[in-house]
Amino acid sequence: MKTNPGRFFEDYSIGQVIEHAVPRTVSGGERALYHALYPARHALYSSDEFAETCGLEKSPLDDLIAFHVVFGKTVPDISLNAVANLGYAEGRWLKPVYPGDTLRSVSEVIGLKQNSNGKSGVVYVRTRGLNQYDEVVLEYVRWVMVRKGNLDAPAPETVIPELAKVVAPEDLVIPEGLDFLRYNFTLAGEEHRWADYEVGEKIDHVDGVTIEEAEHMMATRLWQNTAKVHFDATNREDGKRLIYGGHVISMARALSFNGLANAQMIVGLNGGAHANPCFTGDTVRAYTEVLDKAETAAPGVGALRLRLVAYKHGAPEFAYKTDEGKYHPDVLLDLDYWAVVPL
Amino acid sequence: MKTNPGRFFEDYSIGQVIEHAVPRTVSGGERALYHALYPARHALYSSDEFAETCGLEKSPLDDLIAFHVVFGKTVPDISLNAVANLGYAEGRWLKPVYPGDTLRSVSEVIGLKQNSNGKSGVVYVRTRGLNQYDEVVLEYVRWVMVRKGNLDAPAPETVIPELAKVVAPEDLVIPEGLDFLRYNFTLAGEEHRWADYEVGEKIDHVDGVTIEEAEHMMATRLWQNTAKVHFDATNREDGKRLIYGGHVISMARALSFNGLANAQMIVGLNGGAHANPCFTGDTVRAYTEVLDKAETAAPGVGALRLRLVAYKHGAPEFAYKTDEGKYHPDVLLDLDYWAVVPL
Amino acid sequence: MKTNPGRFFEDYSIGQVIEHAVPRTVSGGERALYHALYPARHALYSSDEFAETCGLEKSPLDDLIAFHVVFGKTVPDISLNAVANLGYAEGRWLKPVYPGDTLRSVSEVIGLKQNSNGKSGVVYVRTRGLNQYDEVVLEYVRWVMVRKGNLDAPAPETVIPELAKVVAPEDLVIPEGLDFLRYNFTLAGEEHRWADYEVGEKIDHVDGVTIEEAEHMMATRLWQNTAKVHFDATNREDGKRLIYGGHVISMARALSFNGLANAQMIVGLNGGAHANPCFTGDTVRAYTEVLDKAETAAPGVGALRLRLVAYKHGAPEFAYKTDEGKYHPDVLLDLDYWAVVPL
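Nothing here was measured: the structure is a model prediction, and the numbers come from that model. (Residues numbered from 1 in each chain as written. Chains lettered and ligands numbered in written order. Predicted model: local features only at pLDDT ≥ 70, side-chain atom pairs only at ≥ 80, totals over all residues. Heavy atoms only, no water.)

**Some words on the overall build of chain A**
Thought 1: For chain A, the count of helices and strands is seven helices and 11 strands.
Thought 2: Relative to its length of 343 residues, chain A is compact, with a C-alpha radius of gyration of 20 Å against a globular reference of 20 Å.
Thought 3: Counting only C-alpha atoms, chain A reaches 60 × 45 × 35 Å along its principal axes.
Thought 4: Counting the 343 residues in chain A, one finds 66% classified as buried.
Thought 5: Sequence separation of 24 or more characterises 78% of the internal contacts of chain A that already satisfy a separation of 6 or more.
Thought 6: For chain A, the computed accessible surface area is about 11800 Å², with 48% contributed by carbon and sulfur atoms. (Helix = DSSP H or I, 4+ residues; strand = E, 2+ residues; numbered from the N terminus. Rg over C-alpha atoms; globule rule 2.2 N^0.38 Å. Buried < 20%, exposed > 50% of the residue type's maximum accessible area, 1.4 Å probe, protein only. Contact = heavy atoms within 4.5 Å. Areas by Shrake-Rupley, 256 points an atom, 1.4 Å probe, with all protein chains shown as cover.)

This is the structure we're talking about:
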C-alpha cells in the first residue's frame, strides 16, 4: 500500500528517532495569514521597526507559527492514529523564526506505556524544530494515546519520563540581543509592565470570536496538519469537524492581547490540555491567571508564568475546574506558559 | 483593570493627539490576501512591471490596504464605544505604500459636540498614517458618535470643524513619478480613457458577490480591527455579526474594475456613508456615477471624481436615495472619491 | 457600455491572438494562501533547501498556482459566456515560476465549430503564460462551448485542431538543472520511487475534504478569475455557487500527496474533464491510476502518467465511468497528467 496508515502503538520504541516530512520555508505570507486568522496584535510580531528597537534584527514570525509548523509535521508520524492528545511539557522557544527560514521537525520517543485494556497505549515524544542551519528553534514534549494496530503485539516495557511540571526560569532562553530598555509602551498598546502584574491576578480578555469552518481549516492546513477529523465532515457521525487544538491556542493567545499586550514573546510551555473539543459556531473567549513571575538576565526583560484558559459560551467566572477537579464543560484549553514582558 | 475599556465621549478634548498602537510591517502576504478576499484586478496593484511602466518603482499595495491598516489602528482608541460611524472627509493618499513598509497611525481631535440627550456626542478626528520614515502616506477626517461613560461629565465646548465638501483637484497629491504616457490599456483590461467618461455618466458594474462570515472576519482581522461586533455572534440579539464597513468599500471598489479598470489609484476621499448594515448572505453589487473630472500636472494623468454606490438584493436602478432624500434600504455604501485615470 | 460583456461565438476567428489582462506579480503570499487553501505538501514546493538539493535555485510556486494564474486571466476573454468547459490538451509546464515573477497570458484561437442548433459553438484556444522575461512558462489548449450573441451571425468555417491525445514523453520539458540524485525521501514523506509504480496500479488517497464557500471563493479570486457563477448566490435558481473546476483540481492533487508524495512536479497535461459540478458541502476525495511510465534525460528523474480522479460522497471504487461509458455521477474530475518522480 502506498498511502500512509500512520504508526500504531506497537510501532514505537524507546529511543526511536523520527525525522518528519515536509520541510517548510516560511515568508511574510504566513504572517499575513496569521493576522487574518487570529486577532494577533503583539507589536514585536507586527512591526520590523518595533522588533529592531527591542534588539532583534527584524520582526520574527509569531512563536505560535513556529509551534504549529513544527507540530504539524509530526501529525502523520505521531498522532494519525491517536485517540487523544494528552499533554505538553518542557516546551522552550530557543531561536526566533524569521521570514525565509526553513523549518523541519525531529521527534524522539522518550516514553511508552500500554494501557491496561491492551488496546492502546501512551507514547511520549520530545519534538525539536530545526531551521536551515540545523539550529533548534523550539522543543517540547507531547504525549498522546495511540491505538494498537495488532492487539497481539507484546506490551513494551513501561517507561514514563520524568517531566518538569514547570520550565524553571533559569532554563528559559531569551532570544539573543533582546532588550526592552527602549520599549515603546504606546506603540505596543498598553502601559502595564512586569511590576504591574501580581501572582494570582486574573485578567478577563473580554472579547469573543465565533469560529467558522473555513477559518479553522485554512489555519490547520497552513501548518500542513492533515489529520482528517479537521477536514472531513463525514468522519464523525454528527457531521462535525473537530477543530485543531492549536487553533484554539492561537485564538486565545491573540485575544489575550487585551490585558497582556506586553507579554510579547512566548519562551516556555509548561503544560497544556485541550479540555473539551471545539466546534464551528462556538464563541471562544479567554482569561489569564498570573501564576508566577521571574527575572531574566536580558536588559529590561522580565518573565510571567501565565495560565491561559479558553472557554466557550457563558463565562466560567475564572473557575476552569469543577469542585471535583474536572474541567468545566465549557473550558476548551488550559495552557501554562512563560512569556517575556518589559520591566 | 488591565483591559482596554475604550475612550468615552468625555475622554476626548480638542487638540488631543492620540498615537495608536500597533505598528505594522506589510508584505506580499497582505497583497495576496487582498486578492483572495476581493476581486481586485487593477493592474498597477497587480504587476511590478505594469507599475514600473507607470513610473513607480514597483507595484504598491492597494490604496485601500493602506486605508484599512491605518484605520484599523484607530478603532481601539476612537470607535470602541462608538454608536455610529458618521462620515469621512478630506481624505488624501500622499505616498504609495510598498511591501516592507511599516505603518502607524496618529489622530488629532479636531471637533466635539455633545448630543442634546446628554448621553453621547460626536467626535471629529483627523487621522494620519505614517511610514517608517515618518512620512504621511494617508490622511483623512472621520467623525463618530461616542457614548458618554459618565453621564455627569460636563459637556465640552462645541467645536465643529469646517470640512471641505470635496478635496479640491489642486490639493490632490499624485504619486511622485506617476506617468501614464506609456500606459498599456490592453494589459489593464479596458480601453476607456479619461476623455471617455462624462460627468453624470452611470456605470453598472454588473457582478455581485455573496458575503461569507469567514471572509469578512479574515479581512477585518487582517487590518487588526478588533471591534467585537464583527467577530462575536453572541454580541447582537439576532446572532448576526455586523460586517466592517471597510469590507464593503473594498468589495465595491474591486467590483468597479468592470467599467473602471483604468481608475487605477485612489487619491482623494471626499466623503462616505455606510448607509445600511451589511450581513453575511447579502449579495453586494455596485454602480458608479461620474461626479466630476479634473486635470493633473502629472504626464498623461487625469482625475475622475466618482460616487461608488454598493447595494444588496435588487438593483436600485441608480437611485440610491428615496424621494425623501434618505438612503434606499438596500444601499450599503455611498463613497465619493477621486481616482487617477490615463488621459 | 463601459463594462465587459465578454466575447460571443461570432467574435472569435481562426488565428486571432488575444492578450489577456491583468499581469500579476506573485510572492510568498500566494504560496502561503495555497498551503492554507489546499493540503499541499510536496516538498519541492514547500522548502527552498529541498528544492536546492533538487538542482533548482529555490522553491518554485506550485505548478497549479502557475496554471490558475494563467487560466484566470483568460476567463474574461474566453469563458465569460461559456456554457461549458469541454476539455484540455497539450499542456506543458516549461519554466518554474518563482516568487517575484510576473505572469501574463496570451491565447490564440486555433479551432471553431458552430453547433448544429445555431445557438452556440465550440472555441479552441492555445493559451500561453509568459513571465517578465517573455519566456513561456506554461502552455495548454482548452476548448469551451460559447453562446452566440447574434443568432444571425454566419457560421465560421469549421476548423477542428488535431490535438495529441497524450503529450509524448520526449516532448515533456524537465526544468533546467532538475536532478533527483540527492533526493531525500525521508523529508519528502514517502519511500516510493518511480520503479515502485506499475502501470495500471490504482492508489486511493484516503483523505477527504468538505468544501466551504469562503474557501473556494478565496481561491478563485486569488487567480483573478471573476466568472460570476462562482461568487453570486443569486445567479442560479437553486442559490448555489458553482465551484471553479480548478479548485477541485488543486484539492485532488494535494490529496494525492498521500501515496504520491514523490510525484513532485507536474510537467504535462494530457487531458481533463470536469465531469460533474462541485458545490459547497461536497466532500472531495481522490484516487489515482498509473497510466504510463517514461524515462527522462534529467539525472535521477522519471515521469509517471497519472489519471487523477476526484469524486464526492461514496467511493466509486475506482470505477469513474459507468458501463455506458459516461462519468459516474459522483465523479467531479478526470485529469490526465505527467509528473516527475525520482528513479
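**Brief notes about the pairing of strand 3 (residues 102–114) of chain C**
All names here are of chain C.
Thought 1: Summarising burial for strand 3: 11 of the 13 residues are buried, a large majority.
Thought 2: Across six bridges, the pairing between strand 1 (residues 17–25) and strand 3 is antiparallel. Bridged to Val17 within strand 3 is Glu108.
Thought 3: Hairpin connection, strand 3 to strand 4 (residues 120–130): the antiparallel pair is bridged by five residues, and Gly118 has positive phi, about 75 degrees. (Pairing = 2+ DSSP bridges.)

**Let's talk about the relation of the copies chain A and chain C**
Thought 1: Once chain A is rotated about the relating axis by 120 degrees and shifted along it by 0.0 Å, it coincides with chain C to within an RMSD of 0.0 Å. Taken together, the rotation and translation describe the operation of a three-fold axis. If distances are taken from each C-alpha of chain A to the rotation axis, the shortest is found for Gly29 of chain A, at 2.2 Å.
Thought 2: When the interface residues of chain A are mapped onto chain C, a mere 12% of them are again interface residues, pointing to distinct binding faces. (Least-squares fit on C-alpha atoms with pLDDT ≥ 70 in both.)

**A word on the interface of chain A and chain C**
Thought 1: Chain A puts 33 residues into the contact, and the matching count from chain C is 45 residues.
Thought 2: When the two sides are added together, the surface that chain A and chain C hide from each other amounts to roughly 2900 Å², 58% of it contributed by carbon and sulfur.
Thought 3: Interface area lost by chain A to chain C is led by Lys2, Met218 and Arg221 of chain A, which between them contribute 25%.
Thought 4: Across the contact surface, chain A and chain C share four salt bridges.
Thought 5: Linking Arg241 of chain A and Glu212 of chain C is a salt bridge whose minimum nitrogen-to-oxygen distance equals 2.6 Å.
Thought 6: Linking chain A with chain C are 18 residue pairs in polar contact (both at pLDDT 80 or more), by the criterion used here.
Thought 7: Among the elements of the structure, strand 1 (17–25), helix 1 (28–37), strand 3 (102–114) and helix 5 (213–222) of chain A are those that each provide at least two residues to the side of chain A that touches chain C. (Buried area = accessible area lost by both parts, 1.4 Å probe. Salt bridge = Lys/Arg side-chain N within 4 Å of Asp/Glu carboxyl O. Polar contact = N/O pair within 3.5 Å; in protein donor to acceptor, adjacent residues only side chain to side chain.)

**So, unusual backbone geometry**
Thought 1: The omega angle of the peptide bond from Ala21 of chain A to Val22 of chain A is 0 degrees, so this bond is cis rather than trans.
Thought 2: Turning to its location among the elements, Val22 of chain A is positioned in strand 1.
Thought 3: Although it is not a glycine, Gln224 of chain B adopts a positive phi angle of roughly 55 degrees.
Thought 4: Of note, Gln224 of chain B is situated in the loop between helix 5 (213–222) and helix 6 (245–255).

**Comments concerning the environment of Arg285 of chain A**
Thought 1: Residue position: Arg285 of chain A is located in strand 9 (residues 283–295).
Thought 2: Residue Arg285 of chain A is classed as buried on the basis of its relative accessible area, which comes to 15%.
Thought 3: For the pair Arg285 of chain A and Tyr311 of chain A, spaced 26 residues apart in the sequence, the C-alpha separation amounts to 5.4 Å.
Thought 4: Setting aside anything within four residues of it in sequence, one finds Arg285 of chain A in contact with Val206, Asp207, Gly208, Leu255, Val309, Ala310, Tyr311 and His313 of chain A together with Asp232 and Thr234 of chain B.
Thought 5: A polar contact is formed between the side chain of Arg285 of chain A and the side chain of Asp232 of chain B, at a distance of 3.1 Å.

**What to know about the pattern of salt bridges**
Residue and element names in this part refer to chain B.
Thought 1: Applying the stated criterion across every chain yields a total of 52 salt bridges over all chains.
Thought 2: One salt bridge in this structure joins Glu90 and Arg126, with 3.0 Å as the shortest N-O distance. Taken together, the residues Glu90 in strand 2 (residues 82–93) and Arg126 in strand 4 (residues 120–130) connect sequence positions 36 residues apart. Like Glu90, the residue Arg126 is buried in the burial classification.
Thought 3: Of the charged contacts in the structure, one is a salt bridge between Arg236 and Asp238, with a shortest N-O distance of 2.9 Å.

**Some thoughts on the nonpolar core**
A general tendency of soluble globular proteins is for nonpolar side chains to be buried together.
Thought 1: Counting residues in hydrophobic clusters, the biggest one holds 186 residues, and the most contacted among them are Leu33 and Phe67 of chain A, Leu33 and Phe67 of chain B together with Leu33 and Phe67 of chain C.
Thought 2: For Leu33 of chain A, the residues in contact, after removing those within four places along its chain, are Met218 and Leu222 of chain A, Leu33 and Met218 of chain B together with Ala32, Leu33 and Ala36 of chain C. (Core = buried A, V, L, I, M, F, W, Y, C linked by side-chain atoms within 4.5 Å.)

**Observations concerning the domain arrangement of chain A**
By convention, interface size is frequently given as the accessible area that disappears when the constituent parts associate.
All names here are of chain A.
Thought 1: Splitting chain A by domain gives domain 1 (1–26 + 61–163) and domain 2 (166–343).
Thought 2: Computed from C-alpha atoms alone, the centre-to-centre distance between domain 1 and domain 2 is 21 Å.
Thought 3: Of the roughly 2200 Å² buried between domain 1 and domain 2 on both sides combined, carbon and sulfur atoms contribute 59%.
Thought 4: Ranking the residues of domain 1 by area buried against domain 2 places His68, Tyr88 and Trp93 at the top, with a combined share of 29%.
Thought 5: Counting every contact that joins domain 1 to domain 2 gives 11 residue pairs in polar contact (both at pLDDT 80 or more).
Thought 6: Listed by contribution, the elements that provide at least two residues to the side of domain 1 that touches domain 2 are strand 1, helix 3 (63–79) and strand 2 (82–93).
Thought 7: In terms of residue count, helix 3 provides more of the side of domain 1 that touches domain 2 than any other element does, 10 residues in total.
Thought 8: Taken together, the residues that form the side of domain 1 that touches domain 2 break down as 13 nonpolar, five polar and five charged. (Domains from an automatic or database assignment. Nonpolar A, V, L, I, M, F, W, Y, C, P; charged D, E, K, R; others polar.)

**Quick look at the packing of helix 1 (residues 28–37) of chain C against helix 5 (residues 213–222) of chain C**
Two measures define how a pair of helices packs: the angle their axes make with one another and the distance between the axes.
Residues and elements named next belong to chain C.
Thought 1: For the pair helix 1 and helix 5, the least separation of the axes is 11 Å and the interaxial angle reads 150 degrees. As the angle between them shows, helix 1 and helix 5 are arranged roughly antiparallel. Taken as a pair, helix 1 and helix 5 cross one another with a handedness that is left-handed. Mapping the contact onto sequence places Glu30, Leu33 and Leu37 in helix 1 and Glu215, Met218, Ala219 and Leu222 in helix 5.
Thought 2: Grouping the constituent residues of the contact of helix 1 with helix 5 by class yields five nonpolar, no polar and two charged. (Axes fitted to C-alpha atoms, helices over the stretch in contact; angles between N-to-C directions. Parallel < 35°, antiparallel > 145°, perpendicular 65-115°, else oblique. Left-handed = near helix turned anticlockwise from the far one by under 90°.)

**Looking at the interface of chain B and chain C**
Thought 1: Across the contact, 45 residues belong to chain B and 33 residues belong to chain C.
Thought 2: Buried area between chain B and chain C, summed over both chains or domains, comes out near 2900 Å², and the portion from carbon and sulfur atoms is 58%.
Thought 3: The largest contributions to the chain B side of the interface with chain C come from Ala36, Arg41 and Leu187 of chain B, which together make up 19% of the buried area.
Thought 4: If you look at where chain B meets chain C, you find four salt bridges.
Thought 5: Put simply, the parts of the chain that give the side of chain B that touches chain C at least two residues each are helix 1 (28–37), helix 2 (48–53), helix 4 (185–188), strand 6 (202–204), strand 7 (209–210), helix 5, helix 7 (257–260) and strand 9 (283–295) of chain B.
Thought 6: The element that contributes the greatest number of residues to the side of chain B that touches chain C is helix 1 of chain B, accounting for seven residues.
Thought 7: The residue makeup of the side of chain B that touches chain C, split by class, is 19 nonpolar, 15 polar and 11 charged.

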